[in-house]
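What follows is the residue order along each chain.
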Amino acid sequence: MNARAIASPQPIEFIDLAAQRRRLGPRLDAAIAAVLDHNRFILGPEVQRLERALAAFCGAKHALGVSNGTDALVLALRAKGLTTGDAVLLPSFTFTATAEVVCLVGATPVFVDVLPDTFNMDPQSLKLGISAARAAGLRPAAVIVVDLFGQPADYDALEPIARENGLWILADAAQSFGATYRARHAGAIGAIATTSFFPAKPLGCYGDGGAVFTEDAELAATIESLRFHGKGTDKYDNVRIGMNARLDTLQAAILLEKLAIFPEELVARERIARRYNEALESIVQVPRVIDGATSVWAQYTVVTPRRDALSAALKSAGIPTAIYYPRPLHRQTAYKQFLVAGNGAPVSERLSAEVLSLPMHAYLDEVTQDRIIEAVRAGVKA
Ligand SMILES: Cc1ncc(COP(=O)(O)O)c(C=O)c1O
């Protein structure tokens, strides 16, 4: 190896979208050119093709392309008629959009803790959150279950609690589309499920995009109307107060090409995650996938009390990392006035101080991964 190569190793990407772009090659250019030629930029034929493909992929009856994963959640809550006085339970350790949408429809978020090994909703804390909501005079109406970092939550444990308490489940699968849970796919779990096609997601587009999934034809029809200004029989017949929340045809065309290679990418992500696990499990807490589930590894996140020192060491070794999420939502300025389940969400608090996400994407080669692994080993010792 020459001196120059040692002095300046290849930069490492946290998510290598350029590698995926190279693989998609001219097929992607042709897909975009086709839309530019037919000019049907709003709800063009690619949107319907994508909706059919997404529904077939995850086994949901209805899939609707929408503007982003946040609007997807708003559409779901609005379709179910959530309103003032309704409490919606959700994990404190998640992206802010999960809580934001509850407030946007006028309902009240109640924060629930997560489990230390899977980072997903803690069923015991959910029970405490329901009691806290009732004690505060709220009507617990729904629970938003988040499949954090790509792994489905433990629905077999959460669904009976929701059922016994009359709550419907909104599955926020923004990070988990493509994952499975005991013969079910993310997208086909919950009364309504949503996902995001934000560029960094395992299945991402080149801008904003999202989808809503449901088994219920009536709900699907309501969401279809809501995403298009509350349209009735045509776009100038407005039967409800809606939104402009449609998926762009161009993004649908891009997603169709990306969906074609998605199964292979998921195999690569799984291989890379296993390799990380084997190399790192003796030095940091590595992610645990529950029995009978698969993750799409939206993030590969380790836990260590020496998180800040490790992140600084990786930075000086040229390894990009990220902290998802540095503060639980119940500690955020915007949300600190809302209720927290009786246990006060201590796991969310600790994880916020100890999690670190490493580079993860389907094009991470072994040489680069070894560089990351070596730097983590050195960084933990330092
Ligand atoms: C858990 C979760 N919910 C909702 C969203 C919102 O998706 P979008 O950014 O497409 O609005 C995200 C996006 O990062 C997310 O991670």
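Above this text you will find the structure in question.
Worth saying up front: this structure is predicted, and the values here are computed from it rather than measured. (Residues numbered from 1 in each chain as written. Predicted model: local features only at pLDDT ≥ 70, side-chain atom pairs only at ≥ 80, totals over all residues. Heavy atoms only, no water.)

*Asks:* Account for the overall build of the chain, with residues named and values stated.
*Replies:* Summing up its helical and strand segments, the chain has 12 helices and 13 strands in all. A compact globule built from 382 residues should have a C-alpha radius of gyration of about 21 Å, and the chain, at 21 Å, falls within 12% of that. On the principal axes, the C-alpha backbone points of the chain span a range of 70 × 60 × 35 Å. Going through the 382 residues of the chain one by one, you find that 55% of them count as buried. By sequence separation, contacts in the chain at least 24 residues apart represent 73% of the contacts at least 6 residues apart. If you sum the accessible surface of the chain, you get close to 16,000 Å²; carbon and sulfur atoms cover 54% of it. Put simply, the chain has 39 plus and 40 minus side-chain charges, and the middle of one group is 2 Å from the middle of the other. (Helix = DSSP H or I, 4+ residues; strand = E, 2+ residues; numbered from the N terminus. Rg over C-alpha atoms; globule rule 2.2 N^0.38 Å. Buried < 20%, exposed > 50% of the residue type's maximum accessible area, 1.4 Å probe, protein only. Contact = heavy atoms within 4.5 Å. Areas by Shrake-Rupley, 256 points an atom, 1.4 Å probe, with all protein chains shown as cover. Lys, Arg positive; Asp, Glu negative; His and termini not counted. Charge placed at Lys NZ, Arg CZ, Asp CG, Glu CD.)

*Asks:* Residues and numbers for the sheet that holds strand β8 (residues 192-196), please.
*Replies:* The sheet built from eight strands is open, its strands ordered β1-β9-β8-β5-β4-β2-β3-β12 with mixed pairing. Each of the sheet's edge strands pairs with one partner strand only, and the pair in question is β1 (62-66) and β12 (339-340). Packed on one face of the sheet, helix α4 (residues 69-79) meets β1, β4 (139-146), β5 (168-172), β8 and β9 (210-214) and runs near 165° to β8. (Pairing = 2+ DSSP bridges. Axes fitted to C-alpha atoms, helices over the stretch in contact; angles between N-to-C directions.)

*Asks:* Break down the pattern of salt bridges for me, with residues and values.
*Replies:* Taken as a whole and assessed by the stated rule, the structure comprises 17 salt bridges. Residue R350 pairs with E354 through a salt bridge whose shortest N-O separation is 2.9 Å. Linking R350 with E354, this pair stays in helix α11 (residues 346-354), spanning four residues, or about one helical turn. Salt bridges here are not isolated pairs; linked through shared partners, they connect D154, D156, E159, R182 and R184. (Salt bridge = Lys/Arg side-chain N within 4 Å of Asp/Glu carboxyl O.)

*Asks:* Go over the sheet that holds strand β7 (residues 184-185), please, and point to the residues and values.
*Replies:* With antiparallel pairing, three strands are arranged side by side in an open sheet as β7-β6-β10. Taken across any chain shown, the strands that pair with only one partner, and hence form the sheet edges, are β7 and β10 (293-294).

*Asks:* Tell me about the side chain of R269, residues and numbers included.
*Replies:* Along the chain, R269 falls in helix α9 (residues 249-280). No salt bridge is formed by the buried R269; the nearest opposite charge belongs to E265, separated by 5.7 Å.

*Asks:* Report on the site of the ligand, specifying residues and quantitative values.
*Replies:* Taken together, 14 residues sit near the ligand, with G69, T70, D172, S196 and K201 positioned nearest. N68 is positioned with one of its side-chain polar atoms (N or O) 3.5 Å from an oxygen atom of the ligand. G69 is positioned such that a nitrogen or oxygen atom in its backbone is 2.8 Å from an oxygen atom of the ligand. Given that more than half its atoms are within 2 Å of the pocket grid, the ligand belongs to the largest pocket. Contributions of two or more residues to the shell around the ligand are made by α4 and α5 (97-104). For the shell around the ligand, the class distribution of residues is four nonpolar, eight polar and two charged. (Near = heavy atom within 4 Å. Polar contact = N/O pair within 3.5 Å; in protein donor to acceptor, adjacent residues only side chain to side chain. 1 Å grid on protein atoms, 1.4 Å probe; cavity = no way out; pocket = protein on both sides within 12 Å on 5 of 7 lines; lining within 4 Å. Sits in = over half its atoms within 2 Å of the grid points. Nonpolar A, V, L, I, M, F, W, Y, C, P; charged D, E, K, R; others polar.)

*Asks:* I'd love a proper account of empty space enclosed by the protein, names of residues and values included.
*Replies:* Once rolled over the atoms, a probe with the size of a water molecule shows which space is left empty. Inspection of every chain in the model, using the stated rule, returns two cavities of 30 Å³ or more. Approximately 100 Å³ is the volume found for the largest cavity. Ranked by the residues each element gives to the lining of the largest cavity, the list is headed by α9, at three residues. Among the residues forming the lining of the largest cavity, the class breakdown is seven nonpolar, three polar and five charged. Put simply, the second largest cavity is a space of about 90 Å³. As for the second largest cavity, its lining consists of 13 residues, of which F119, F149, Q151, P287 and W297 are closest to the centre. Split by residue class, the lining of the second largest cavity holds six nonpolar, five polar and two charged. (Points joined across faces, edges and corners; volume = space filled by probe spheres on them.)

*Asks:* Requested: an account of the layout of surface pockets, with residues and values cited.
*Replies:* There is about 520 Å³ of room inside the largest pocket. In terms of lining residues, the largest pocket is bounded by 27 residues, among which F95, Q175, S196, F198 and K201 are the most central. Mapped by element, the contributors of at least two residues to the lining of the largest pocket are α4, α5 and β8. Of the residues assigned to the lining of the largest pocket, the class counts are 12 nonpolar, 11 polar and four charged. Volume-wise, the second largest pocket comes out at about 240 Å³. As for the second largest pocket, its lining consists of 15 residues, and the residues nearest its centre are Q10, P11, D16, D365 and T368. Taken together, the elements giving at least two residues each to the lining of the second largest pocket come down to α2 (17-38) and α12 (366-381). Among the elements that line the lining of the second largest pocket, the one with the most residues is α12, at three residues.

*Asks:* Describe in detail the nonpolar core, supporting the description with residues and values.
*Replies:* Here is a general trend for soluble globular proteins: nonpolar side chains tend to be buried in one another's company. Counting residues in hydrophobic clusters, the biggest one holds 48 residues, and the most contacted among them are L54, L126, V143 and F213. Not counting chain neighbours up to four residues away, the residues in contact with L126 comprise L89, V112, M121, V143, L158 and I161. By size, the runner-up hydrophobic cluster in this structure holds 34 residues, among which are L82, W168, L170 and M243. (Core = buried A, V, L, I, M, F, W, Y, C linked by side-chain atoms within 4.5 Å.)

*Asks:* Describe the environment of V105, with residues and values.
*Replies:* Considering the arrangement of structural elements, one finds V105 in the loop between α5 and β3 (108-112). Residues V105 and V74, 31 residues apart in the sequence, show an inter-C-alpha distance of 7.1 Å. Those residues in contact with V105 that sit more than four places away from it in its chain are V74, L77, R78, L82 and T83.

*Asks:* Please set out the packing of α9 against α12 residue by residue, giving values where relevant.
*Replies:* Look at α9 against α12: their axes get within 11 Å of each other, and the N-to-C directions meet at 30°. By the angle class used here, α9 and α12 are roughly parallel. Pair α9 / α12 crosses with right-handed handedness. Side by side, α9 and α12 meet where I272, R275, Y276, A279 and L280 of the first sit next to E366, Q369, D370, I372, I373, V376 and R377 of the second. Among the residues making up the contact of α9 with α12, the classes are represented as seven nonpolar, one polar and four charged. (Parallel < 35°, antiparallel > 145°, perpendicular 65-115°, else oblique. Left-handed = near helix turned anticlockwise from the far one by under 90°.)

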